[in-house]
Amino acid sequence: MRAQLPAKLYYRIGEVAGIVGVEPHVLRYWETEFRSIRPQKSAKGQRVYSRRDVETLLKVKELLYSHRFTIAGARRKLREGGIEPPAPDAGASHEEVQRMRTALVEIRTEVLALMDELERV
């Protein structure tokens, strides 16, 4: 996989589309589905992909097209391989959410008190 990539630090979306063998809109869609693919934006607002992003995209294409995985299955496989970060914990218990909320309210109160104190100085 790594041998076929040109020796560059960053790649534009058109180059990546050619390397991976899919259309740019597919790459943009995969960005929304896989948290491990996060290209930066250039000063002009264009996507610039790192070598790691391109390697991940090649792996995604292999899983989806060659091994016929679904998006969810490919995401799970990448997670098992340590490439994709774990999904955000959407199943936090009610008590845990309340504990976090209480802690945040306390922190906010402390910050506001510190700001008031600084304004008086």
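Residues numbered from 1 in each chain as written. Predicted model: local features only at pLDDT ≥ 70, side-chain atom pairs only at ≥ 80, totals over all residues. Heavy atoms only, no water.

Asker: How would you summarise the side chain of glutamate 31 if you had to cite specific residues and measurements?
Answerer: Locating glutamate 31 in the fold gives a position in helix 2 (residues 24-33). Taking the relative accessible area as the measure of exposure, glutamate 31 reaches 10% and is therefore buried. Side chain to side chain, glutamate 31 and tyrosine 49 meet in a polar contact 2.6 Å long. Those residues in contact with glutamate 31, other than ones at most four positions away along the chain, are Ile37, Arg38, Pro39, Arg47 and Tyr49. (Helix = DSSP H or I, 4+ residues; strand = E, 2+ residues; numbered from the N terminus. Buried < 20%, exposed > 50% of the residue type's maximum accessible area, 1.4 Å probe, protein only. Polar contact = N/O pair within 3.5 Å; in protein donor to acceptor, adjacent residues only side chain to side chain. Contact = heavy atoms within 4.5 Å.)

Asker: Account for the sheet that holds strand 3 (residues 47-50), naming residues and giving values.
Answerer: Pairing is antiparallel across the open sheet formed by three strands, whose spatial order is 1-3-2. Two strands bound the open sheet, and with one partner strand each, they are strand 1 (10-12) and strand 2 (40-41). Here strand 2 pairs with strand 3 via two bridges, running antiparallel. Residue glutamine 40 lies in a different strand from strand 3, and its bridge partner there is valine 48. Sitting on the sheet, helix 1 (residues 13-20) touches strand 1 and strand 3, and the angle it makes with strand 1 is about 90°. (Pairing = 2+ DSSP bridges. Axes fitted to C-alpha atoms, helices over the stretch in contact; angles between N-to-C directions.)

Asker: Hey, could you go over the packing of helix 1 against helix 2 for me, with residue numbers and the actual values?
Answerer: Working note: a packed helix pair is described by the angle between its axes plus the distance between those axes. Where helix 1 contacts helix 2, the axes come no closer than 9 Å and their chain directions differ by 95°. Taken as axis vectors, helix 1 and helix 2 run roughly perpendicular relative to one another. Contact residues: Ile13, Val16, Ala17 and Val20 in helix 1; Pro24, Leu27, Arg28 and Trp30 in helix 2. For the contact of helix 1 with helix 2, the class distribution of residues is seven nonpolar, no polar and one charged. (Parallel < 35°, antiparallel > 145°, perpendicular 65-115°, else oblique. Nonpolar A, V, L, I, M, F, W, Y, C, P; charged D, E, K, R; others polar.)

Asker: I'd like a rundown of the nonpolar core, residues and numbers included.
Answerer: By size, the foremost hydrophobic cluster in this structure holds 22 residues, and its most contacted members are Val16, Leu27, Trp30, Phe34, Tyr49 and Leu57. The dominant element in this core, judged by the number of residues it contributes, is helix 3 (residues 51-66), at six residues. Leucine 57 has contacts with Val16, Val20, Leu27, Trp30, Ile37 and Tyr49, leaving out every residue within four places of it along the chain. (Core = buried A, V, L, I, M, F, W, Y, C linked by side-chain atoms within 4.5 Å.)

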